[in-house]
Amino acid sequence: MLQHEITAPIPLLDERGNLTEPGFARKLLPVYDRSRIRARADRRKEWDYYLVMGEGFALALTVADNGYMGLDSISLLDFEEGWQVTRSPMRLLPMGRTGLPATSERGNTVSTGRGYSILFRNEGEGRRELLAHMENFRDGQTLDAHVVLTGEPEESMVICTPFDKPGHFYYNQKINCMAASGTVKLGERTYPFLPGRDFGTLDWGRGVWTYHNTWYWSSLSTRVEGVPFGFNLGYGFGDTSHATENMLFYGGKAHKLGRVRFHIPRERGFERFTGADWAFISDDGRLEAVMTPVMDRAACTSAGIIKSDQHQVFGRFRGSAVLGGGRTIYFDGPMGFAEKVENKW
């Protein structure tokens, strides 16, 4: 598959609100300018999502402005005890007023509500600070998180994906393998992140989406023989003929993959998200992996014409990946996730 790489700074959108150059990049080169969007404010979708993986647990934080609806979400998953809690307060008709930054490279994201607050602070100096507070998070206990992410790799996954409808697009960056330090406190219990062991990932999305779509996404950040290694895999929506969002990461460099399919086990005609291994195979033969599920963070919300059906499955990965120069990386047991999400939004 021939994939188009964007190698110089460009305006993301033209005067009609269409992508100027569909494709992928290794840095945030296209410039996002909201004034060029031609869709109604209620159709714009912007979010910052951070996932921080610790030893036996994970923290996920989201601030999203989806035009007609804002979503602030905090998730804590305890893989060893086998439970997860997600609290997702909604805000009516933010219409862009949440004020998410136009670039992932600097700027603060903040959202507050009754009994909770979320702040992502980024002064553009290679340090991201994540703070979250929520009362009555689990069994009446308050959650407080303070995480610092450093060591951002030189390259990441950046993609400009058009839809088959004028003025619709998705601009996305995934940053893997950021060293994490800090703590999550739930009541009297403390969950620590250690920078020599744990990683954070950023999913930074801006765009105008079509109403009904399904996406598949998988992410892994770990170390192999002391070197940061990971991948970003995804597909399912938009026109990906110009590029996929599939990449390997090793030592701060990105290595492009072709198409990757998720093989979710099925039973009696239905997808079986846990209880059997998932498989991931790239069409260029450079990635072969399986995931043994540990926990399904499942949620289904339906209100009239709005629906979100999510299965974010965390599990242990094993397999092999071939870098651009031909070197093969083997991994056996690191925790990551793979998800399937259907949205009517």
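See above for the structure.
A brief report on the enclosed structure follows. This one's a predicted model, so the numbers in the text were calculated from it and none came from an experiment. Within each chain, residue numbers correspond to sequence positions counted from 1 in written order. Only residues with pLDDT of at least 70 are given local features in this predicted model, and only at 80 or more are side-chain atom pairs given and counted; all residues enter the totals for whole chains, interfaces and linings. Values shown for side chains rest on all heavy atoms present in the structure; no hydrogens or waters enter the calculation.

What follows deals with the overall build of the protein. Runs of H or I in DSSP of at least four residues are treated as helices and runs of E of at least two as strands, each being numbered from the N terminus. A tally of regular secondary structure across the protein gives zero helices and 27 strands. The principal-axis extents of the C-alpha atoms in the protein amount to approximately 55 × 50 × 50 Å. Should any heavy atoms of two residues lie within 4.5 Å, those residues are counted as being in contact. Once local pairs closer than 6 in sequence are excluded, the contacts in the protein between residues at least 24 apart make up 54%. A positive count includes Lys and Arg, and a negative count includes Asp and Glu. His and the chain ends are not counted in either. Note on charges: their place is set at NZ of Lys, CZ of Arg, CG of Asp or CD of Glu. Placing the 41 positive and 42 negative side-chain charges of the protein at their respective mean positions leaves the two points 4 Å apart.

What follows concerns the side chain of aspartate 14. Position of aspartate 14 relative to the elements: it lies in the loop between strand S1 (10-11) and strand S2 (23-25). Taking relative accessible area as the criterion, aspartate 14 reaches 15% and is therefore assigned buried. Side-chain polar atoms of aspartate 14 contact the backbone nitrogen of arginine 16, separated by 2.9 Å. Not counting the four nearest positions on each side in its chain, aspartate 14 is found in contact with Thr20 and Arg36. Buried means the residue's accessible area, taken with a 1.4 Å probe over protein chains only, is under 20% of the maximum for its type, while exposed means over 50%, and partly exposed covers the values in between. Nitrogen and oxygen atoms within 3.5 Å of one another constitute a polar contact, given that in protein one can donate a hydrogen and the other can accept it, and given that sequence-neighbouring residues count only through two side-chain atoms.

On to unusual backbone geometry. Positive phi, normally seen in glycine, also occurs at aspartate 139, with a value near 50 degrees. Among the secondary structure elements, aspartate 139 is positioned in the loop between strand S11 (128-138) and strand S12 (141-150). A relative accessible area of 67% means that aspartate 139 is categorised as exposed. A positive phi angle is found at cysteine 177, which is not glycine, with a value near 60 degrees. Note that cysteine 177 resides in strand S14 (residues 169-186).

This part takes up the packing of aromatic side chains. Between 30 and 60 degrees the pair is tilted, below 30 it is stacked and above 60 it is edge-to-face, where a pair is any two Phe, Tyr or Trp rings, Trp via its six-membered ring, whose centres lie within 6.5 Å. Per the stated rule, a full pass over the model turns up 31 aromatic pairs. Where tyrosine 235 meets phenylalanine 262, the ring centres are 5.3 Å apart and the plane angle is 85 degrees; that geometry is what we call edge-to-face. Highlighted residues: tyrosine 235 in strand S18 (residues 227-235) and phenylalanine 262 in strand S21 (residues 260-263), separated in sequence by 27 residues. Note on phenylalanine 262: relative accessible area 7%, which makes it buried. Aromatic pair phenylalanine 273 and tryptophan 278: ring centres 6.1 Å apart, planes at 50 degrees, arrangement tilted. We note that phenylalanine 273, like tryptophan 278, is buried. Of the aromatic side chains, those joined through ring pairs into one cluster are Tyr216, Phe229, Phe231, Tyr235, Phe262, Phe273, Trp278, Phe280, Phe317 and Phe331. By definition here, charges over rings are those cases where NZ of Lys or CZ of Arg is within 6 Å of the ring centre and within 35 degrees of the ring normal. The side chain of lysine 45 reaches across the aromatic face of tryptophan 345, ending 4.6 Å from its centre. The cationic tip of arginine 138 hangs over the ring face of tryptophan 83; the distance from NZ or CZ to the ring centre is 3.7 Å.

Time to look at the sheet that holds strand S20 (residues 253-256). Should DSSP find at least two bridges between two strands, the strands are taken to pair. The nine strands lie next to each other as S20-S19-S18-S17-S27-S26-S25-S24-S21, forming an open sheet whose pairing is antiparallel. Strand pairing shows two members of the sheet lacking a second neighbour, S20 and S21, which therefore form its edges. The sheet shows a mean angle of 20 degrees between the axes of neighbouring strands, direction not considered. Pairing of strand S17 (residues 212-224) with S18, which is carried by nine bridges, proceeds in the antiparallel orientation. Paired with leucine 220 across the strands is phenylalanine 231, a residue of S18. Orientation is described by lines fitted to C-alpha atoms, with helices fitted over the stretch in contact, and by angles between N-to-C directions that extend from 0 to 180 degrees.

Mapped onto the elements, threonine 210 comes out in the loop between strand S16 (199-208) and S17. Relative accessible area serves as the criterion here: at 16%, threonine 210 is assigned to the buried category. Beyond its immediate chain neighbours, meaning those up to four positions away, threonine 210 contacts Arg43, Phe163, Lys165, His168 and Trp345.

Right, let's get into the nonpolar core. By size, the foremost hydrophobic cluster in this structure holds 47 residues, and its most contacted members are Ile74, Leu76, Phe169, Tyr171 and Val184. Grouping buried Ala, Val, Leu, Ile, Met, Phe, Trp, Tyr and Cys residues that are joined through side-chain atoms within 4.5 Å yields what is termed a nonpolar core. With 26 residues, the next largest nonpolar core counts Val224, Tyr235, Phe280 and Leu287 among its residues.

Looking now at the environment of phenylalanine 79. Relative to the assigned elements, phenylalanine 79 resides in the loop between strand S6 (69-78) and strand S7 (83-87). Separated by 22 residues in sequence, phenylalanine 79 and phenylalanine 57 have C-alpha atoms that sit 5.5 Å apart. Once residues lying within four places of it in the same chain are set aside, the contact partners of phenylalanine 79 are Met53, Gly56, Phe57, Ala58, Val294, Met295, Phe314 and Met335.

All right, on to the pattern of salt bridges then. Salt bridges are defined by distance alone: a side-chain nitrogen of Lys or Arg within 4 Å of a carboxyl oxygen of Asp or Glu. Applying the stated rule across the entire model yields 23 salt bridges. Its salt-bridge partner being arginine 16, residue aspartate 14 comes within 3.8 Å of it at the nearest N-O pair. Ionic pairing is found between aspartate 139 and arginine 138, a salt bridge with its closest N-O pair at 3.9 Å. Judged by its relative accessible area of 23%, arginine 138 is partly exposed. Among the charged side chains, a network of salt bridges with common partners joins Asp78, Glu81 and Arg189.

The next subject is a nonpolar patch on the surface. Without a salt bridge and with relative accessible area above 30%, a residue can belong to a patch; like charges are then joined within 9 Å and nonpolar side chains (Val, Leu, Ile, Met, Phe, Trp, Tyr) within 5 Å. Surface accessibility in these figures is a Shrake-Rupley result with a 1.4 Å probe; residues are shielded only by whichever protein chains are displayed. Side chains of Leu92, Leu93 and Met95 sit close together on the surface and give an oily, nonpolar patch of about 300 Å² of accessible area. Within the secondary structure, methionine 95 is located in the loop between strand S8 (90-92) and strand S9 (109-113).

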